Amino acid sequence: MTSAPSAVLNASWSHLGHDVHCLQRIPDQDVEHGGRQRPALLLVHGFGASTDHWRHNIPKLSLTHEVHAIDLLGFGRSAKPGGLDYGGDLWKDQLVAYVNERIGRPTVIVGNSLGGYAAFAAAAALESQSAGVVLLNAAGYFSDEKFSPKPKDMSSRLRQMIGQGLSRDLVVKWLIYPLIQRMIFENLRRPGVIRKTLQQVYIDPANVDDDLIESIRRPSLDPGAFQVFRNVFQARGLRGKAIDELFNDLQAPLLLLWGDGDPWLRNAKAKQDKFRTYAREASLEVKEVLLNAGHCPHDEVPDLVNSELLEWLNGLSIA
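Residues numbered from 1 in each chain as written. Predicted model: local features only at pLDDT ≥ 70, side-chain atom pairs only at ≥ 80, totals over all residues. Heavy atoms only, no water.

### Some details on the overall build of the protein
Now for step 1: Regarding its fold elements, the protein presents 13 helices and 8 strands.
Now for step 2: Buried residues in the protein amount to 56% of all 319 residues.
Now for step 3: Put simply, 73% of the contacts in the protein that link residues at least 6 apart link residues at least 24 apart. (Helix = DSSP H or I, 4+ residues; strand = E, 2+ residues; numbered from the N terminus. Buried < 20%, exposed > 50% of the residue type's maximum accessible area, 1.4 Å probe, protein only. Contact = heavy atoms within 4.5 Å.)

### A closer look at the packing of aromatic side chains
Now for step 1: Scanning all chains against the criterion turns up 12 aromatic pairs.
Now for step 2: Ring centres of Trp13 and Tyr98 lie 5.2 Å apart, and the angle between their planes is 90°; on these two criteria the pair is classed as edge-to-face. Separated by 85 residues along the polypeptide, Trp13 in strand E1 (residues 9–15) and Tyr98 in helix H3 (residues 88–103) bring together distant segments of the chain.
Now for step 3: The exposure class assigned to Trp13 is buried, which follows from its relative accessible area of 7%.
Now for step 4: On the accessibility criterion, Tyr98 (0% relative accessible area) is buried.
Now for step 5: Centroid distance Phe247 to Tyr278: 6.1 Å. Interplanar angle 20°. Geometry classified as stacked. With a gap of 31 residues between them, Phe247 in the loop between helix H10 (243–246) and strand E7 (254–259) and Tyr278 in helix H11 (residues 268–281) connect regions that are remote in the sequence.
Now for step 6: Relative accessible area serves as the criterion here: at 2%, Phe247 is assigned to the buried category.
Now for step 7: Ring pairs connect the aromatic residues Phe120, Phe142, Phe247, Trp258, Phe275 and Tyr278, which therefore count as one cluster.
Now for step 8: Stacked on the ring of Phe226, the Lys or Arg Arg182 has its end atom at 4.4 Å from the ring centre. (Phe/Tyr/Trp six-rings, centres within 6.5 Å; stacked < 30°, edge-to-face > 60°. Lys NZ or Arg CZ within 6 Å of the ring centre and 35° of its normal.)

### A few points about the side chain of Ser50
Now for step 1: On the secondary structure map, Ser50 appears in the loop between strand E3 (40–44) and helix H2 (58–61).
Now for step 2: Assessed through its relative accessible area of 1%, Ser50 is described here as buried.
Now for step 3: Beyond its immediate sequence surroundings of up to four residues, Ser50 is in contact with His45, Asp71, Gly76 and Ser215.

### Digging into unusual backbone geometry
Now for step 1: In this model, Glu127 sits at a positive phi of 50°, which is unusual for a non-glycine residue.
Now for step 2: With respect to the helices and strands, Glu127 occurs in the loop between helix H4 (114–126) and strand E6 (130–136).

### Looking at the pattern of salt bridges
Now for step 1: Inspection of every chain in the model, using the stated rule, returns 18 salt bridges.
Now for step 2: The shortest N-O distance in the salt bridge between Asp52 and Arg218 comes to 3.6 Å. In this pair, Asp52 sits in the loop between E3 and H2 while Arg218 sits in the loop between helix H8 (210–217) and helix H9 (225–234), placing the two residues 166 residues apart along the sequence.
Now for step 3: Among the ionic pairs, Asp144 bridges to Lys274, the shortest N-O distance being 2.9 Å. Highlighted residues: Asp144 in the loop between E6 and helix H5 (154–163) and Lys274 in helix H11, separated in sequence by 130 residues.
Now for step 4: For Lys274, a relative accessible area of 22% corresponds to the partly exposed category.
Now for step 5: Among the charged side chains, a network of salt bridges with common partners joins Lys269, Asp273, Arg276 and Glu288. (Salt bridge = Lys/Arg side-chain N within 4 Å of Asp/Glu carboxyl O.)

### A few points about the environment of Leu316
Now for step 1: Mapped onto the fold, Leu316 is located in the segment after helix H13 (302–314).
Now for step 2: By relative accessible area, which is 15% here, Leu316 ends up buried.
Now for step 3: Apart from the residues within four sequence positions on either side, Leu316 is in contact with Val108, Ala131 and Pro253.

### Quick notes on helix H7 (residues 191–201)
Given 3.6 residues per turn, any residue in an α-helix points the same way as the ones three and four places further on.
Now for step 1: Among the residues of H7, those classed as buried are Val193, Ile194, Leu198 and Val201. One face of H7 carries all of its buried residues, which in axial projection span an arc of 130°. (Arc of directions from axis to C-beta.)

### A few points about the sheet that holds E7
Now for step 1: An order of E1-E2-E4-E3-E5-E6-E7-E8 is seen for the 8 strands of this open sheet, with the pairing classed as mixed. Both edges of this open sheet fall to E1 and strand E8 (286–291), since each of them pairs with a single strand only. Averaged over neighbouring strand pairs, the angle between their axes works out to 20° when direction is ignored.
Now for step 2: Alignment of E3 against strand E5 (residues 107–112), held across 5 bridges, turns out to be parallel. The residue bridging Val44 from the neighbouring strand is Gly111, located in E5.
Now for step 3: Contacting E1, strand E2 (18–25), E3, strand E4 (67–70) and E5, H3 runs over the sheet at an angle of about 115° to E1. (Pairing = 2+ DSSP bridges. Axes fitted to C-alpha atoms, helices over the stretch in contact; angles between N-to-C directions.)

### Structural notes on the pairing of E6
Side chains on a regular strand alternate between the two faces of the sheet.
Now for step 1: Along E6, 7 of the 7 residues are buried, which leaves the element largely enclosed by surrounding structure.
Now for step 2: Remark: the E5/H4/E6 crossover connection has right-handed handedness. (Right-handed = clockwise from strand over helix to strand, strands pointing away.)

### Comments concerning the environment of Ile109
Now for step 1: Considering the arrangement of structural elements, one finds Ile109 in strand E5.
Now for step 2: Of the residues examined, Ile109 reaches a relative accessible area of 0% and is grouped as buried.
Now for step 3: Setting aside residues no more than four positions away along its own chain, Ile109 makes contact with Leu42, Val44, Leu95, Val99, Ala119, Ala122, Ala123, Leu126, Gly132, Val133 and Val134.

Printed below as a string of structure tokens:
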């Protein structure tokens, strides 16, 4: 019989002197027996989201595994200081530090969208401390990637930038000017706009509820949220290595969960093929599953994601 998990612990951790919000939930059986038979899990949200986006996953996953979730600096309940170089390298280092300082043992990092890139980069950097990496419609770019012409309208450009991992080639003139940036930011954080955007990227919008809307809107009201938005969208790329370069360092097994109806994933089949090719060249164990979902399958079809993830985890072991 599986023990019930202990209550979710809302915790605060510090990285680079800034407060970071995180969650921790450990099954009672792991507390009693040290929990060394299974890898820990670290869940990493995407752009504009937070630990709240794992609301349908943590209760199920934590029945059998030690589960952590973290708000990346600049998002959710974490600090949003000015002066940081927001991008892939910052978030990679944050995740690596968290695994080393708070978890202290081999960990599977699970990431969606922008968080998928950070998860992949952190897993590569952690080497033997990485027990695996799970990507759900990960952002990021390959070295040889060619980008399509820029759409003319604002919302399409924004979707393209997020879907392509805030690519370095997608900095556009209309994002340079502070007044225009502020107008875009104010519009994007309106509840109606948040709801409409999510309904476009969830094939089944049933889980686009008031709680989800508020979990995205609330952090956008924090001091510093606008500066984070500006810094991220003015960034030339994710300020990190290309995905194919990260494969050179990755030593862990890989699970790819694709929401196959994602309107933000440009050239989805080509990107999926590249992941397969580089994983094979790196002699990595890789499993790939296509799901009938959009950009955030963990929240849209959580039962399917939880089932696939737990089945895959059952095949992993750590010392």
